Amino acid sequence: MPAVIEARDLTKAFGAVIAVDHVSFEVRQGEIFGFLGPNGAGKTTTTRMLTGVVPMDGGSVRILGYDIRKEPVQAKQRFGVVPETSNAYVDLTAWQNLMLMGEIYGLDRNRAEQRSCDLLQTLGLYERRDQKVQGYSKGMKQRLILAMALLHEPELLFLDEPTSGLDVQSTQMILVLLRELNADGTTIFLTTHNMEEANRLCDRVGIIRSGRIVAIDAPERLKTAIDRIHRIEVSFDGEIAGDLLSGLAGITGTARTGDKWQITAEDQDTAIRSLVAFSRQEGMAILTLNTLAPSLDEVFLRLTEKERP
Amino acid sequence: MNPAGTSEQVRRAWAIAKKDIRIYYSKGPVLIFGIFMPVFLFLAFFMGGRQLPLAFLLSGLMGMTLFFTSTAVSPAIFPWEGQAKTLERLAACPITIEAIVLGDMIASILFGIGVTAVTLLIALALGLSLLHGIVLGSAVLLAAVCFSAIGMLLAVPPTNVPSNIMMLSSLLKFPLVFISGIFVPLEQMPAWGLALAVCSPLTYFTDLVRYSFTGAHYFPVPVDITALGLCTLVFTAATMHLHRRTMPRRM
Ligand SMILES: Nc1ncnc2c1ncn2[C@@H]1O[C@H](COP(=O)(O)OP(=O)(O)O)[C@@H](O)[C@H]1O
Ligand SMILES: [Mg+2]
């Protein structure tokens, strides 16, 4: 499979802050590639360099065979972008926004109208097409922006946190459409800080932290890394010394906040059994016991640890 | 279709211009700086009781109108769009920065020409006779391009606060009006005033308008046209070059 996106040593600094630091990766034709990282990791900056919105300080980008610096218009003609912040023209109606895009992408009027009708219907905006975008909810705006990005039937689609902060209905609609597009052959590059979303949607995931790529892998491999680390929150009706807990079978670490203990465990089942046994042995009752999903940071820590020899 | 070809990019620039016309013509600051300001400035001057012939005053009015109107739209578009984040959308579209700038200039030019046409009708209604229509037409066209390029040039500093740019442009526009022979005929200017006047493209335009209505002129007509044409080329090239450099900093 040919690479649709080839990024080599992509680098960008804002003053002293190195937002993106020698990032290299490839996205293959037909895949959904997730770019996953916490806020401030450099996802937006990377996406903007890939799409030719801001210049790079170093490195190179080829999109569909075009060098984004040398032939930006040719490359842009063939991909669509949903930027991080909503940015349709709020003084125009949805329909006018779409017609503007049609003209900027050089579509003939009939095709632009036909595509606009289809997309607005798919995204549930057709009835509101003649209303100014000013009055749209955030979710409606985001759906319109997706329609604007898809009008010219791009073979590659960039989305920067497309579902962040959206209502459930819009999120669902967008995710369903993305899967359909991908099934029809569209390659998708998507950034997110939501690990679940990346897991459900993506064929491969690149993880970025502080401007550096930490891992690129299939989500299954990520999941394995996640499953290996668990947190349990527990509280008892009496005082106990911390080192007693950390000595128990299956428990790898303890920390205390208020009257609750935060336990990290390699194996959740063993850890819970030993906590129960421990409380019975000490004659104490367990007041609360919660198992917590691992946080993104923990997964990152885990993955960075793995990288070290 | 070659999307990067000139004809295709010009077509896309026209799409930008239509969008600008829809959105920005009716924005408050455009109306204030483009229409009310010159009207009141002129009325203040008109009522001041200066003993100048009507033809002189009305050609001054036309010069000032075109200057204010064609610099009213263009400086604010980039800051507005940077603020509204619509500029990022355009930056990711297959359109060059030059074509975006051209589109914004076209919107600005049409606004200028439209309002100036109204003042021309007023002038004719007040009994002024047009002696050189072709000269006037070409002067208006050339000057509208030149002034809208000046307007775009004012928007080069990558601030996304429209009022900052509006302030900056007033700072430049008002003095320019005073040194360009609109209120004081060039013949009556002191030497230092004249030295300033030759630096302002508005001077040549006002001179051409005056010639079109009265037959009198300060500079020879070919000199006026050449000077205006040169200014247009230089300012247009400069604004496109500079916007290419500063646009990424608005994101
Ligand atoms: N225009 C800018 N000026 C200065 N610093 C910036 C700018 N854009 C991003 N940064 C910095 O670069 C880093 C990466 O930001 P960003 O790419 O937006 O991350 P993400 O999208 O992953 O949240 C952050 O530290 C951010 O503060
Ligand atoms: Mg971001």
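Residues numbered from 1 in each chain as written. Chains lettered and ligands numbered in written order. Predicted model: local features only at pLDDT ≥ 70, side-chain atom pairs only at ≥ 80, totals over all residues. Heavy atoms only, no water.

### A few points about the interface of chain B and chain A
Rule in force here: In this description, contact between two residues means that some pair of their heavy atoms is separated by no more than 4.5 Å. Joining two parts hides part of their accessible area as seen by a 1.4 Å probe, and the buried area is that hidden amount summed over both. Salt bridge criterion: a side-chain nitrogen from Lys or Arg within 4 Å of a carboxyl oxygen from Asp or Glu. By the criterion applied in these results, polar contacts are pairs of N or O atoms within 3.5 Å in which, for protein atoms, one can donate a hydrogen and the other can accept it, and in which residues neighboring in sequence qualify only through two side-chain atoms. A run of DSSP states H or I qualifies as a helix once it reaches four residues; a run of E qualifies as a strand once it reaches two. Both are numbered from the N-terminal end. Under the grouping applied here, Gly and all other residues not named as nonpolar or charged are polar, the nonpolar ones being Ala, Val, Leu, Ile, Met, Phe, Trp, Tyr, Cys and Pro and the charged ones Asp, Glu, Lys and Arg.
With 30 residues of chain B in contact, the opposing surface of chain A contributes 30 residues. Taken together, the two surfaces of chain B and chain A that pack against each other cover about 2,600 Å², and 63% of this comes from carbon and sulfur. Sorting the residues of chain B by area buried against chain A places E88, R89 and P94 of chain B first, and these three jointly supply 26% of that buried surface. At the surface where chain B touches chain A, the tally comes to 3 salt bridges. Between the two partners, chain B and chain A, sit 12 residue pairs in polar contact (both at pLDDT 80 or more). Those elements giving two or more residues to the side of chain B that touches chain A turn out to be α1 (6-24), α4 (74-84) and α5 (86-91) of chain B. Here the residues of the side of chain B that touches chain A are counted per class, giving 16 nonpolar, 4 polar and 10 charged.

### A word on the sheet that holds strand β2 (residues 17-28) of chain A
Residue and element names in this part refer to chain A. Counted only if it meets this: Strand pairing is assigned whenever DSSP detects at least two bridges linking the two strands. The angle between two axes is taken between their N-to-C directions and runs from 0 to 180 degrees, where each axis is a line fitted to C-alpha atoms and a helix contributes only its stretch in contact.
Here we have 4 strands laid out as an open sheet, ordered β2-β1-β4-β5, and antiparallel in their pairing. Each of the sheet's edge strands pairs with one partner strand only, and the pair in question is β2 and β5 (66-67). Relative to the sheet, helix α1 (residues 43-50) contacts β1 (3-14), β2 and β4 (58-63), its axis offset from that of β1 by approximately 120°.

### Examining the coordination of the magnesium ion (ligand 2)
What counts, and what does not: Sites may look incomplete, because water is not among the atoms used; the donor set itself consists of N, O and S atoms within 2.8 Å of the metal (3.2 Å for Na, K and Ca).
Within the first shell, the magnesium ion (ligand 2) binds the protein through T44 of chain A (OG1) and E84 of chain A (OE), at distances of 2.0 to 2.4 Å. Of this pair, T44 of chain A sits in helix α1 while E84 of chain A sits in the loop between β6 (79-82) and α3 (94-104), and the two are 40 residues apart along the sequence.

### Here we look at the nonpolar core
All names here are of chain A. Convention followed: Residues grouped as a nonpolar core are buried Ala, Val, Leu, Ile, Met, Phe, Trp, Tyr and Cys residues, joined through side-chain atoms within 4.5 Å. With a 1.4 Å probe rolled over the protein chains alone, any residue whose accessible area is under 20% of its type maximum counts as buried; one over 50% counts as exposed, and the rest are partly exposed.
Ranked by internal contacts, the top residues of the largest apolar core, which has 110 residues, are I5, F25, I63 and L178. Ranked by residue count, the leading element in this core is helix α5 (residues 138-150), at 8 residues. Ignoring any residue separated from it by four or fewer positions in sequence, one finds L178 in contact with L157, L159, I188, L190 and L201.

### Focus on the side chain of T11 of chain A
Locating T11 of chain A in the fold gives a position in strand β1. Setting aside anything within four residues of it in sequence, one finds T11 of chain A in contact with V20, D21, H22, M49, M56, D57 and G58 of chain A.

### With respect to the site of ligand 1
Residue and element names in this part refer to chain A. Stated formally: Here a residue is considered near a molecule or strand provided that any single heavy atom belonging to it is located within 4 Å of it.
Taken together, F14, V17, A19, P38, N39, G40, A41, G42, K43, T44 and T45 are the residues near ligand 1. A distance of 3.2 Å is found between an oxygen atom of ligand 1 and a backbone nitrogen or oxygen belonging to A41. Those elements that provide at least two residues to the shell around ligand 1 are β2 and α1. Per element, the largest residue contribution to the shell around ligand 1 is 3 residues, and it comes from α1. In terms of residue class, the shell around ligand 1 is made up of 5 nonpolar, 5 polar and 1 charged.

### Side note on the domain arrangement of chain A
For clarity, the threshold we go by: Each domain span listed reflects an automatic or database assignment of domains.
Assigned domains within chain A: domain 1 (3-223) and domain 2 (228-292). Placing the centre of domain 1 of chain A and that of domain 2 of chain A at their C-alpha centroids yields a distance of 44 Å.

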